[in-house]
Each structure stands twice: as C-alpha cells, then as structure tokens.
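Below are the chains, spelled out letter by letter.
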There are 2 protein chains.
Amino acid sequence: MFQLHPRLAADTLPLGRLDLCEARLMNDCRFPWVILVPRREGITELHQLGKADQAQLLAESARVAAQLQSLGVEKINLGALGNLVPQLHWHLVGRRRDDPCWPGPAWGCGKSRPWNDADARTLLLRLRRGLGLGEERP
Amino acid sequence: MFQLHPRLAADTLPLGRLDLCEARLMNDCRFPWVILVPRREGITELHQLGKADQAQLLAESARVAAQLQSLGVEKINLGALGNLVPQLHWHLVGRRRDDPCWPGPAWGCGKSRPWNDADARTLLLRLRRGLGLGEERP
C-alpha cells in the first residue's frame, strides 16, 4: 500500500490529492516549490511507472506548473533526484531571478526557511483553488 | 529551424541523434551525464511540448537511463532547469555514492572535469551501441 515517505511528509505541507499524485508544498518559503508523489508502491525511478502513469504525472505537473507560473515566477525547475529519499517524487520549483539560489539549483542550496502559518495558508488556498481542489483535511 | 544552443554545444560531446532528441554527453567525467534536447524550436518548458513529444522524450529518456544504469550507477537524477540556457534540455545524471557531489545534486556542484579523449571515446562508443546508434560523424 502506498505510504508517503516520512521524510517527505516531514519536509512538506499537504496541498492536495490529484488523480495520481499527492501534491505537497515544500516547507521552504524561499521558493514556491511543489512536489508530486505518485501513489504507487515501490517506485523509485520515473521509468518504472507505466506509460499511462507517466503521462498522468506530466499532466498533473503541467497543471501545477501553470499555477506556479501564475505566481509570477520566471522559470520552473523540474527534477527527480531521490538520492536521499528513494520514493519517486517530482519537484516543481518556481524560480525567480532574485531568489537566493538563482541561477543555481534550489536543491542543496543553503538552508530551507519554513513558511509562517499565515503565508502558507494563503499560498495553499490559492494553489488549491487554481488546481480545483477542495480544502485539505489533514 | 532547430539549432542546438551554443552553450549546450560547448559543454557537451555529441552522442547521437534519437527520433526526437539530440543526445549529448556532458563533458564532465565526474558523472556519466547525458542531456537530451528535443529538436523543436523555441521550447523552454517541458509542458510546451505536445503530448506525443512529451511521451517520446520520456521514452528516449528511459532508453538512455537504462544505458546509464548498465554502467553501474545507483541512481538516475533527472532534471530540466534552464535558468542559464533557456532551450529545453533534459538532464540524466548517473549518480554513485562515491561521486564527489553525492547526495547533493550534480548541478551547481564544484567544477566540471572534462573527459580525456580516450575515455570519452570508449564511453560514447558503449552508449551508442547500447542505444543502437551508428558512429557519430561530427
């Protein structure tokens, strides 16, 4: 049975449930940064997903990317690393020229800075509305 | 008309021509690192590709990933960043626990170390054979 990896759960805030993926907001206010985790057990590489799941992941990724772009970011950085957390998770990081890691990658750059509650709530609400998701019940 | 971005051309060695993508070996012997560049003009984000092209990119990515895994790497890191070079290019980085950047990302980590000619030739030959490509004529 699919279970979100505890390290991913600890590093993120729940955004919502898409058809294939759990969407989570990375708890780092330096970037609008969403991870998508396909609810499939034991998958560590993108290519282990079936073709339909791959297409669905990209479709959900496009929906999230459009929401991040609506926040005024200049570039979306996509990535699947998994060197520390083997469970396949797909990063979408909204990047701005004035963010503290530009033009380098967000991964491995300095220390994350947790969202404050009010800002997190505002962003999550906006993203959920944009994605057509209801209120998350934790 | 599609033209490989000059910065990508300068940083890589030609690996071969897949149905959709130019495959290039990053000129950095710290990792077996391939980039795939869809031969489509003016594309900067994965989601700008049509759905068939997205599926084709992932299929070509899976073929390359299998070749990288046959080299004995422990993880494939995938990414599309493009903060410096806007032309969409898809990274596949073969990672090992003893590589100089593990477990951090390869992007933005230290200085690249160019391949020597003999090692590059050996690796390119092996990858081309695995991918069913003929000899590259530069």
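All values derive from a computational prediction rather than experimental measurement.

**Some thoughts on the packing of aromatic side chains**
In the structure shown here, the tally under the stated rule is four aromatic pairs over all chains. When the ring of W107 of chain A is compared with that of W107 of chain B, the centres are 5.6 Å apart and the planes differ by 40 degrees; the resulting orientation is tilted. One end of the pair, W107 of chain A, is in the loop between β5 (90-95) and α3 (117-131); the other, W107 of chain B, is in the loop between β5 (90-95) and α3 (117-131), on a second chain. Accessibility classification places W107 of chain A together with W107 of chain B in one group, the buried group. Judged by centre distance (5.7 Å) and plane angle (75 degrees), the ring pair of F31 of chain B and W33 of chain B falls under edge-to-face. Among the residues examined, W33 of chain B registers a relative accessible area of 5% and is labelled buried.

**As for the pairing of strand β3 (residues 33-38) of chain A**
It is a general feature of regular strands that their side chains alternate between the two faces of the sheet. Residues and elements named next belong to chain A. Within β3, six of the six residues are buried, which leaves it mostly tucked inside the rest of the structure. In β3, alternate side chains face the same way, and those of W33, I35 and V37 on one face and V34, L36 and P38 on the other are all buried. In this sheet, β3 lies alongside strand β2 (residues 21-26) in antiparallel orientation, the contact comprising five bridges. By the bridge assignment, E22 is partnered in β3 with V37. Following β2, the chain reverses through six residues before pairing antiparallel with β3. Relative to β5, β3 runs antiparallel, the two being bridged by four bridges. The partner of W33 across the bridge, within β5, is V93.

**Comments concerning the relation of the copies chain B and chain A**
Laying chain B over chain A is done by rotating through 180 degrees and shifting 0.0 Å along the axis; what remains is an RMSD of 0.0 Å. Such a turn and shift between the copies fits a two-fold axis. Closest approach to the rotation axis among the C-alpha atoms of chain B is made by G79 of chain B, whose C-alpha sits 2.0 Å away. In this assembly the copies share their binding face: 100% of the residues contributing to the interface of chain B also contribute to that of chain A.

**Quick notes on the UniProt feature "domain: HIT" (unreviewed entry) in chain A**
Sites flagged by UniProt as "domain: HIT" (unreviewed entry) map to residues 34-102 of chain A. Within the segment residues 34-102 of chain A, helix and strand shares are 28% and 25% respectively, and the terminal C-alpha atoms sit 18 Å apart.

Rules used in this analysis
Residues numbered from 1 in each chain as written. Chains lettered and ligands numbered in written order. Predicted model: local features only at pLDDT ≥ 70, side-chain atom pairs only at ≥ 80, totals over all residues. Heavy atoms only, no water. Phe/Tyr/Trp six-rings, centres within 6.5 Å; stacked < 30°, edge-to-face > 60°. Helix = DSSP H or I, 4+ residues; strand = E, 2+ residues; numbered from the N terminus. Buried < 20%, exposed > 50% of the residue type's maximum accessible area, 1.4 Å probe, protein only. Pairing = 2+ DSSP bridges. Least-squares fit on C-alpha atoms with pLDDT ≥ 70 in both. Contact = heavy atoms within 4.5 Å. UniProt positions renumbered as here; feature names shortened; annotations may be inferred.

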